[in-house]
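# Geometric and topological summary
These are the residues of each chain, in order.
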Amino acid sequence: MKKILFTHSYFLRFDPKQWATGQPYAPLGTLYAAALLRENNYQVSLFDTMFAHQPEEVIPQLEKSCPDFFVIYDDGFNYLTKMCLTNMREAAFKMIQFAKEKGCTVIVSSSDSTDRFEMYLEKGADFILIGEAEMTLLELVNAITKNETDFFKIEGLAFKQDGAVVKTVRRNVLKELDSLPLPAWDVIDIEPYRNMWLKQHGYFSMNMGTTRGCPFKCNWCAKPIYGNRYNTRSPENVIAELMMLKENYHFDHIWFCDDIFGLKPGWVNTFANLVEINGLRFKFKMQGRVDLLLQENNIKDLARAGCDNIWMGAESGSQKILDAMEKGTAVEQIYEATRLLKKTGIKPSFFIQFGYLGETRADIEKTIAMINELLPHEIGISVSYPLPGTGFYEKVKDQLKEKTNWTDSDELALMFSNTYKPAFYKQLHSYVHKTYRKHIAFENLKQLFLHPFASNARTIKKALSALYYIPASFLEKQKLRQIEKTGA
Ligand code: SF4
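Residues numbered from 1 in each chain as written. Predicted model: local features only at pLDDT ≥ 70, side-chain atom pairs only at ≥ 80, totals over all residues.

## Description of the overall build of the protein
From N to C terminus, the protein includes 19 helices and 15 strands. For the protein, the C-alpha radius of gyration of 23 Å lies close to 23 Å, the compact-globule estimate for 488 residues. Taken along the three principal axes of its C-alpha coordinates, the protein extends 75 × 60 × 40 Å. Here the protein holds 488 residues, and the buried ones make up 43% of them. (Helix = DSSP H or I, 4+ residues; strand = E, 2+ residues; numbered from the N terminus. Rg over C-alpha atoms; globule rule 2.2 N^0.38 Å. Buried ≥ 20, exposed ≤ 12 C-beta atoms within 10 Å, placed from the backbone.)

## Overview of the pairing of strand β4 (residues 105-109)
Two faces belong to every sheet, and in a regular strand the side chains alternate between them. Of all five residues in β4, four are buried, a share of seventy percent or more. Pairing geometry for strand β3 (residues 69-73) and β4, over five bridges, is parallel. Its bridge partner lying in β4, Phe70 is registered against Val106. Bridging between β4 and strand β5 (residues 127-129) involves two bridges; their strand directions are parallel. Each residue of the ladder has a partner; that of Ile107, found in β5, is Phe127. (Pairing = 2+ DSSP bridges.)

## A short note on the domain arrangement of the protein
Domain boundaries assigned for the protein yield domain 1 (3-167) and domain 2 (203-391). Placing the centre of domain 1 and that of domain 2 at their C-alpha centroids yields a distance of 28 Å. Contacts between the two partners involve 14 residues from domain 1, matched on the other side by 13 residues from domain 2. Ranked by residues supplied to the side of domain 1 that touches domain 2, first place goes to helix α6 (residues 111-115) with three residues. Within the side of domain 1 that touches domain 2, the residues separate by chemical class into five nonpolar, six polar and three charged. (Domains from an automatic or database assignment. Contact = placed C-beta atoms within 7 Å. Nonpolar A, V, L, I, M, F, W, Y, C, P; charged D, E, K, R; others polar.)

## A closer look at the sheet that holds strand β12 (residues 283-288)
In spatial order, the strands read β8-β11-β12-β13-β14-β15; together these six strands make up an open sheet with parallel pairing. Whereas interior strands pair on both sides, the edge strands pair on one side only; in this sheet they are β8 (205-208) and β15 (379-383). Ignoring strand direction, the axes of neighbouring strands in this sheet form an average angle of 20 degrees. Inspection of the sheet shows strand β13 (residues 307-315) paired to strand β14 (residues 347-354) by five bridges, in the parallel sense. Bridge assignment links Glu315 to a residue of β14, and that residue is Ile352. (Axes fitted to C-alpha atoms, helices over the stretch in contact; angles between N-to-C directions.)

## Details of the site of the ligand
Near the ligand you find Cys214, Phe216, Lys217, Cys218, Cys221, Asp259, Arg289 and Gly313, and these make up its full shell. Residue classes in the shell around the ligand are distributed as four nonpolar, one polar and three charged. (Near = placed C-beta within 6 Å.)

## Things to note about the pairing of β8
Here β8 shows a buried face lined by Ser205 and Asn207 and a second buried face lined by Met206 and Met208. Looking at chain direction, β8 and strand β11 (residues 253-256) are connected through four bridges and run parallel. Bridge pairing in β11 places Met206 opposite Ile254.

## A look at the sheet that holds strand β7 (residues 164-167)
The strand order across the open sheet built from seven strands is β2-β1-β3-β4-β5-β6-β7, with neighbouring strands paired in mixed fashion. Both outer strands of the open sheet, β2 (43-47) and β7, are each paired with one neighbouring strand and no more. Across the sheet, the axes of successive neighbouring strands diverge by a mean angle of 20 degrees, strand direction being ignored. For strand β1 (residues 3-7) and β3, the ladder comprises four bridges, and the chain directions are parallel. Bridge pairing in β3 places Ile4 opposite Phe69. Across the sheet, helix α2 (residues 28-39) lies against β1, β2 and β3, angled at about 160 degrees from β2, the strand it touches most. Against the sheet, helix α8 (residues 134-145) contacts β1, β3, β4, β5 and β6 (157-161), and its axis sits at roughly 170 degrees relative to β4.

## Some points on unusual backbone geometry
With the exception of glycine, the majority of residues adopt a negative phi angle, and the majority of peptide bonds are in the trans configuration. Although it is not a glycine, Glu315 adopts a positive phi angle of roughly 70 degrees. Within the element layout of this structure, Glu315 appears in strand β13.

## Focus: the environment of Lys426
For Lys426, the position within the fold is in helix α17 (residues 422-450). Separated by 15 residues in the primary sequence, Lys426 and Glu411 have C-alpha atoms spaced 8.4 Å apart.

## Quick look at the packing of helix α3 (residues 58-65) against helix α5 (residues 86-101)
Across the interface, α3 lies against α5 with an axial gap of 10 Å and an inter-helix angle of 30 degrees. Between α3 and α5, the crossing angle belongs to the class labelled roughly parallel. You can see that α3 and α5 cross each other, and the crossing is right-handed. Contact residues: Val58, Ile59 and Leu62 in α3; Met95, Phe98 and Ala99 in α5. Looking at the contact of α3 with α5, its residues break down into six nonpolar, no polar and no charged. (Parallel < 35°, antiparallel > 145°, perpendicular 65-115°, else oblique. Left-handed = near helix turned anticlockwise from the far one by under 90°.)

## Side note on α5
Structurally, the α-helix is built with 3.6 residues per turn, so residues lying three or four positions apart point the same way. For α5, which comprises 16 residues, the first-to-last C-alpha distance of 23 Å matches the rise-based estimate of 22 Å (1.5 Å per residue) to within 8%. Three or more residues of α5 are buried, namely Met88, Ala91, Ala92, Met95, Ile96, Phe98 and Ala99. Viewed along the axis of α5, the buried residues span an arc of 165 degrees, placing them on a single side of the element. Here the buried face of α5 lies against β1, α3, β3 and β4. Backbone geometry just after α5 places Gly103 at a positive phi near 85 degrees. (Expected span 1.5 Å × (residues − 1). Arc of directions from axis to C-beta.)

## Regarding the packing of α17 against helix α19 (residues 466-486)
Running from amino to carboxyl end, α17 crosses α19 at an angle of 155 degrees, the nearest separation of the two axes being 8 Å. If you check the angle between α17 and α19, you find them roughly antiparallel. Taken as a pair, α17 and α19 cross one another with a handedness that is left-handed. In terms of residue class, the contact of α17 with α19 is made up of 13 nonpolar, four polar and seven charged.

## Some details on the environment of Asp258
Mapped onto the secondary structure, Asp258 falls in the loop between β11 and α11 (267-277). C-alpha of Asp258 to C-alpha of Gln478: the two residues are 220 residues apart in sequence and 39 Å apart in space. When neighbours within four sequence positions are excluded, Asp258 is seen to be in contact with Gly209, Thr210, Thr211, Met286 and Gln287.

Right, here's the structure in full:
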């Protein structure tokens, strides 16, 4: 039986902001691939890089398991791998080298290697899997195991032939997601994940995908793995995995890592019914679009199923910028979806993006005003980041010189010319966070005065945080003004 050692290239320690945040999620995509290959009679094991200190730690694993195939298979469900961070790329290159030195056939599947397959082949990888990769991987290792040498018949592959890089036709994405085995959760040591969650947050969250792909076309959003098709697991199949995870790992919370959760009509209603029938009790967070969160019935079903927090791609408070992004949403919808979610007891959280092409100071002010008025539960601020395969990338690619990717998820460097210099956006990020926190503190102060006897310790703590956030946001604003003035 041929042996496959799986790994992935996300090292949490190489992403200091995420390490400090302490919300690790297991490499779900890797576990799906491992499950399928195991089902097809390969002996699979996993070197999990999540808590590793350095890529060199893979060497003893390679020596111990002597695998025929070394497969770097990133978790395409996690937005962190979609960022194609150079710290992780460098680690992948090192692991390719170590595995080649041990005589393995090296296969890579990731957003970054799909975009830059030539680079990975140059570093010694034998094959790059382009796009959604479970079936490509299975066909490839089957072919190699049978000593076949014609790889052109395998769709979704890049490799070198006679010194030249060649690519086969792109593979269509899987439609029947229920046909895949459940992820091989048993090959990963889940305890470090649980420990970090419990230590830093007091509960344990696991990740699950119910769909693949997104049919919308926001022009900056890269989807190199699952693309623009939208395919869904059945609610029954998702419930089966939830039951298995509950029994074996006793999670408290789930992150449904779909680009868009529950888009298929009627899916959420059936899912909520099944959650209730099976007596499943858990909270979850998910991602959605504001224009899909305007129907009260649907929101009530989400709440009934356990939805606690919805991250929405609000992006901007300026309609001009939403239109430039081809987001297909309206600012009023952000307001309305937020209102409905709060009314139903679900926490609305916003993804915000600054620095899109054409954004002026007036647009920025609209976004800040929207955040401070709506007071979402959490905000995640990013800076426009051109990734290959997007319309946005095509617009600015001539300006991308040596630097095309961030080193880690907190770099937030603006890599093309815009209204302001990169330092401005970095400082804007700090200022917006502080002023948002200040407004949250004001809201809690208001509650404290209006309902002093109904207030809990959390409200009091947040109200008192005004003592810090008033001066902090003032100072951050002064720094922002200074940078704006000097054009640094
Ligand atoms: S809706 Fe979300 S996942 Fe879909 S294209 Fe837009 S940003 Fe990307």
